[in-house]
Amino acid sequence: MVEDNIDETAKQAPESASQPVKSIENPSFVDPSDAPGFPEGGFTAWATVLGAFLIQFCGFGYISAYGVFQDFYTQIYLTNFTPSAIAWIGSMNAFLILSVGIMSGRMVDRGAFYPVMKIGCLLQCFFLFMLSLAKPDEYYQIFLSQGIGFGIAAGLTNVPSIAVISHHFQQRRAVAMGTVAAGGSLGAILHPVMLNNLINGRLGFANGVRVSAGMNGCLLFIANLLMRTRLPPKPKTISYMRVLQDSSRDGAFICACVGMAAYEVGFFFETFYLQLDSTLHGLGQGFSFYSLTILHSGSFIGRLTGGVISAYVGIPNTVISSSLISSAVLFAMVRLHSVASATLIAISYGFFSGWLVAMMGPLISYLTPETSHIGARIGMTFAISSIGSLVGPPICGAFLTSHYIWWKAVIFAGSVASGGCILFVIMQVILKIRRKTSIVCSKEAGV
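So, how was this worked out
Residues numbered from 1 in each chain as written. Predicted model: local features only at pLDDT ≥ 70, side-chain atom pairs only at ≥ 80, totals over all residues. Heavy atoms only, no water. Phe/Tyr/Trp six-rings, centres within 6.5 Å; stacked < 30°, edge-to-face > 60°. Buried < 20%, exposed > 50% of the residue type's maximum accessible area, 1.4 Å probe, protein only. Helix = DSSP H or I, 4+ residues; strand = E, 2+ residues; numbered from the N terminus. Lys NZ or Arg CZ within 6 Å of the ring centre and 35° of its normal. Contact = heavy atoms within 4.5 Å. pLDDT = per-residue confidence, 0-100.

1. Focus on the packing of aromatic side chains
Reasoning step 1: Overall, the coordinates contain 26 aromatic pairs when judged by the stated rule.
Reasoning step 2: Centre to centre, the rings of Tyr-62 and Phe-69 are 6.2 Å apart; their planes meet at 40°, and the pair counts as tilted. Phe-69 shares its class with Tyr-62; the two are buried.
Reasoning step 3: Centroid distance Tyr-73 to Tyr-77: 6.4 Å. Interplanar angle 35°. Geometry classified as tilted. Here the residue Tyr-73 and the residue Tyr-77 both occupy positions in helix H4 (residues 66-77), the gap between them amounting to four residues, near one helical turn. Each member of the pair, Tyr-73 as well as Tyr-77, is classed as buried.
Reasoning step 4: Taken together, Tyr-62, Tyr-66, Phe-69, Phe-72, Tyr-73, Tyr-77, Phe-150, Phe-205, Phe-267, Phe-268 and Phe-272 form an aromatic cluster joined through their ring pairs.
Reasoning step 5: If you follow Arg-377 out to its NZ or CZ, it ends over the ring of Phe-253, 4.2 Å from the centre.

Printed below as a string of structure tokens:
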């Protein structure tokens, strides 16, 4: 009898998950009993959140600290290469952590969460140790190990760590996913401090990278012990072509994907070049080393508060507000000439961009009517948005040139990011039209 009840619950869970979230504007203050099939908390659910938090800390957090490597490679380790060429290492890294999600997300939908996570975590440690063996001015060694190898490894764990939260939360999904996203921000705070002191200190580049690899390995091991799936995979494999066809007819989803791709251009410009900008403007090595920490400290607070803000104003409105304000702050980098201006820009951009980063997963969940498609859609969205992270930093580096003409790169990054904000506004307009049409149809049907 008990087994029959368990089987029945397992069948009902995906059906309840496929229903739209009716109280999404206030997801964190809804009675969990209103979301049948979702625990909305408990030890296993929050342990999974903590494990996913650590995955983001080691993956996205490490990649977000690439500004340290950009500065180090430009001035010390890869002096025979332009800033644009060096930026391709980090941009390829960022591209792969997002684009590989289209494969890892599909594997999660098939029920392969645990093998994907274990392989991804092992490869992250392996490629960081390979990076430590790279020699000065050997560009291809760094590009292969850090740009491609670590990017693929982190990409295998990125989307699954976000998608698994949907197994445990529905009404509180935005808050839970925002907490997970904050892990990447906390990693981006601590990794720059550690890396700057390691690779620029007595240990040097090779040993410094090895120390960071060892620390990440321990945290990734703990993360794998904590995370647990709950919903069984669909008996029939979800067709990516079907999801793609459904998504191609969803105007709001398309605007969200392209908007994120445009926004990524500005996001990674700030992440890659803030420390170099501070150094070349003579703000002092001490401050420059901590400029990324200041940026991501603001982002950490923004990611933690993003879910709470969305509970009151809604996920789409939170995304629009954050993209609008942070795009405006990007243009302010033209006037970065002092410690005070750099600090203000770093904190404000980090805080408001943190809102959007925290809302990427919840926004796609919000736009996806079927829970079984969430992994695939998040993977598709990250793959499309990764185009911005791939081409953005190198193009900004080309505008920058070896003469460091900052205003050209700033105007380009800010303009493209503003275009992303416009697309988010169009997305919200489509959603409102769709909602009004649904209400009219319901009244005509006598519902």
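On we go.
2. Let's talk about the environment of Trp-46
Reasoning step 1: Here Trp-46 is to be found in helix H2 (residues 43-58).
Reasoning step 2: With 180 residues separating them in the primary sequence, Trp-46 and Leu-226 have C-alpha atoms 9.0 Å apart.
Reasoning step 3: In contact with Trp-46, other than residues within four places in its own chain, are Gly-41 and Phe-169.

3. Re the confidence of the model for the chain
Atom-level detail of predicted coordinates should not be read off regions where pLDDT is low.
Reasoning step 1: Scored by pLDDT, the chain has a mean of 82; 88% of the residues are at 70 or more.
Reasoning step 2: The low-confidence segment residues 1-36 (pLDDT under 50) makes 50 contacts with residues lying over four places distant or belonging to another chain.

4. Thoughts on unusual backbone geometry
Reasoning step 1: Positive phi outside glycine occurs at Asp-137, with the angle close to 65°.
Reasoning step 2: Mapped onto the secondary structure, Asp-137 falls in the loop between helix H7 (113-131) and helix H8 (139-163).
Reasoning step 3: Judged by its relative accessible area of 30%, Asp-137 falls in the partly exposed class.
Reasoning step 4: At Tyr-404, a residue that is not glycine, the phi angle is positive and equals roughly 55°.
Reasoning step 5: Here Tyr-404 is to be found in the loop between helix H16 (374-400) and helix H17 (406-444).

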